[in-house]
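Here is what each chain is made of, one letter per residue.
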Amino acid sequence: MNTHETQAAQVFLAHHDFVKGVALKYAPWPGLMEDITQQVFLEFLAKEAQWDLSTDARPLLATMTRHIALRQWRERTRQQPEVVQKLADHIRLLAEEREAPPRYEEEISVLRGCLQKLPEKSRELVELYYYNDIGTPQIADQINMKADTVCRALSRVREKLRECIERATATSQGGPAHA
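Since this is a predicted model, take the numbers as computed values, not measurements.

## Examining the nonpolar core
Residues F12, I36, V40, F44, L53 and L61 are the most contacted members of the largest nonpolar core, which totals 22 residues. Of all the secondary-structure elements, those providing two or more residues to this core are α1 (3–14), α2 (16–26), α3 (32–46) and α4 (58–77). No other element matches the six residues that α3 contributes to this core.

This is the structure we're talking about:
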C-alpha cells in the first residue's frame, strides 16, 4: 500500500460508522448494511487517487454509499418476482424523495443573507447575544449602553430579520416582493 492508499484507508476508517449509518438507511434489509459498507470501502480505495483527502470525506462517502446501496438493491431484486421488484422500486423512490434538502437549509441561507444586510452594529449585537451567548447586561457594559436599550435594539433587529426573511421567502416561492 502506498502512502495515499494508507491515508485513504485511514480516512474511511475514521468515517466507518458514518458510512454504516448511511448504508443502513438505504439497505433494503439490515443484513445488507455490512455488504454495502464493505463495497464502499473497496471502491473508495480503488479510486483513492481521485480523492482530495484533505477535505471532509463525508459528502463523498455518503454519495458513494447511496449509489452502491441502490445498485445492490437493483441487483438483488432483479431475480425476485415482479411484484417484489415493483415494491423495491417504490421504496427506492421514497428513499430518493427523502434526499431532497431539508427546507431549513434554505431558511438558514436566507437568514445568513439577511444578517449580512444588517448594519455592522446590529450584526455585532446579534453575534454577541446569539452566537457568543452573552446576556444583555454584559453587552450593555461592553458597548456602553443601558441594558434596556440593548433589549430594544435586539427587538428591532429581530423584527428587521423577520421582515427580510419573509420578503426573501415570498420572492423565492413566487410571491410578490415587498419593498
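## Regarding the packing of α2 against α3
Running from amino to carboxyl end, α2 crosses α3 at an angle of 130 degrees, the nearest separation of the two axes being 9 Å. Relative to α3, the element α2 is oriented oblique. Where α2 crosses over α3, the handedness of that crossing is right-handed. Counted together, H16, V19, K20, A23 and L24 of α2 and M33, E34, I36, T37 and V40 of α3 form the full contact between these two elements. In terms of residue class, the contact of α2 with α3 is made up of six nonpolar, two polar and two charged.

## Comments concerning α1
Between its terminal C-alpha atoms α1 stretches 16 Å, which fits the 16 Å expected from 12 residues at 1.5 Å a residue. Buried within α1 we find A8, A9, V11 and F12. On an axial view of α1, the arc spanned by its buried residues comes to 160 degrees, and they lie on one face. Relative to its buried face, α1 has exposed residues pointing more than 90 degrees away, namely T3, Q10, L13 and A14.

## A look at the packing of aromatic side chains
Two measures describe an aromatic ring pair: the distance that separates the ring centres and the angle between the ring planes. Counted according to the given criterion, the structure contains three aromatic pairs. Between F12 and F44 the ring centres are 6.2 Å apart and the planes differ by 40 degrees, which places this aromatic pair in the tilted class. Linking F12 in helix α1 with F44 in helix α3, this pair joins segments that are 32 residues apart in sequence. Classification of F44 as buried rests on a relative accessible area of 0%. Judged by centre distance (5.9 Å) and plane angle (15 degrees), the ring pair of F44 and W51 falls under stacked. Across the pair, W51 and F44 agree in class, each one buried.

## Overview of the environment of T169
Structurally, the position occupied by T169 is in helix α9 (residues 147–172). Sequence separation between T169 and E107 is 62 residues; the distance between their C-alpha atoms is 7.9 Å.

## Points about the state of the cysteines
A disulfide bridge is the covalent bond that connects two cysteines by way of their sulfur atoms. As enumerated under the stated definition, the model contains one disulfide in all. There is a disulfide in this structure between C114 and C164, and the S-S distance comes to 2.1 Å. The S-S bond linking C114 to C164 shows a torsion near -85 degrees; that makes this disulfide left-handed. Pair noted here: C114 is in helix α6 (residues 103–117) and C164 is in helix α9, with a separation of 50 residues, a long-range link. Grouping residues by exposure puts C114 and C164 together as buried.

## Considerations on the side chain of T65
Tracing the chain through its elements places T65 in helix α4. By relative accessible area, T65 is classed as buried at 0%. A polar contact of 2.6 Å, which involves the side chain of T65, links it to the backbone oxygen of L61. Not counting residues up to four positions away in its chain, the partners in contact with T65 are V19, V22, A23, I36 and V40.

Rules used in this analysis
- Residues numbered from 1 in each chain as written.
- Predicted model: local features only at pLDDT ≥ 70, side-chain atom pairs only at ≥ 80, totals over all residues.
- Heavy atoms only, no water.
- Core = buried A, V, L, I, M, F, W, Y, C linked by side-chain atoms within 4.5 Å.
- Buried < 20%, exposed > 50% of the residue type's maximum accessible area, 1.4 Å probe, protein only.
- Helix = DSSP H or I, 4+ residues; strand = E, 2+ residues; numbered from the N terminus.
- Axes fitted to C-alpha atoms, helices over the stretch in contact; angles between N-to-C directions.
- Parallel < 35°, antiparallel > 145°, perpendicular 65-115°, else oblique.
- Left-handed = near helix turned anticlockwise from the far one by under 90°.
- Contact = heavy atoms within 4.5 Å.
- Nonpolar A, V, L, I, M, F, W, Y, C, P; charged D, E, K, R; others polar.
- Expected span 1.5 Å × (residues − 1).
- Arc of directions from axis to C-beta.
- Phe/Tyr/Trp six-rings, centres within 6.5 Å; stacked < 30°, edge-to-face > 60°.
- Disulfide = S-S within 2.5 Å.
- Polar contact = N/O pair within 3.5 Å; in protein donor to acceptor, adjacent residues only side chain to side chain.

Limitation: the analysis is restricted to geometry and does not speak to function.
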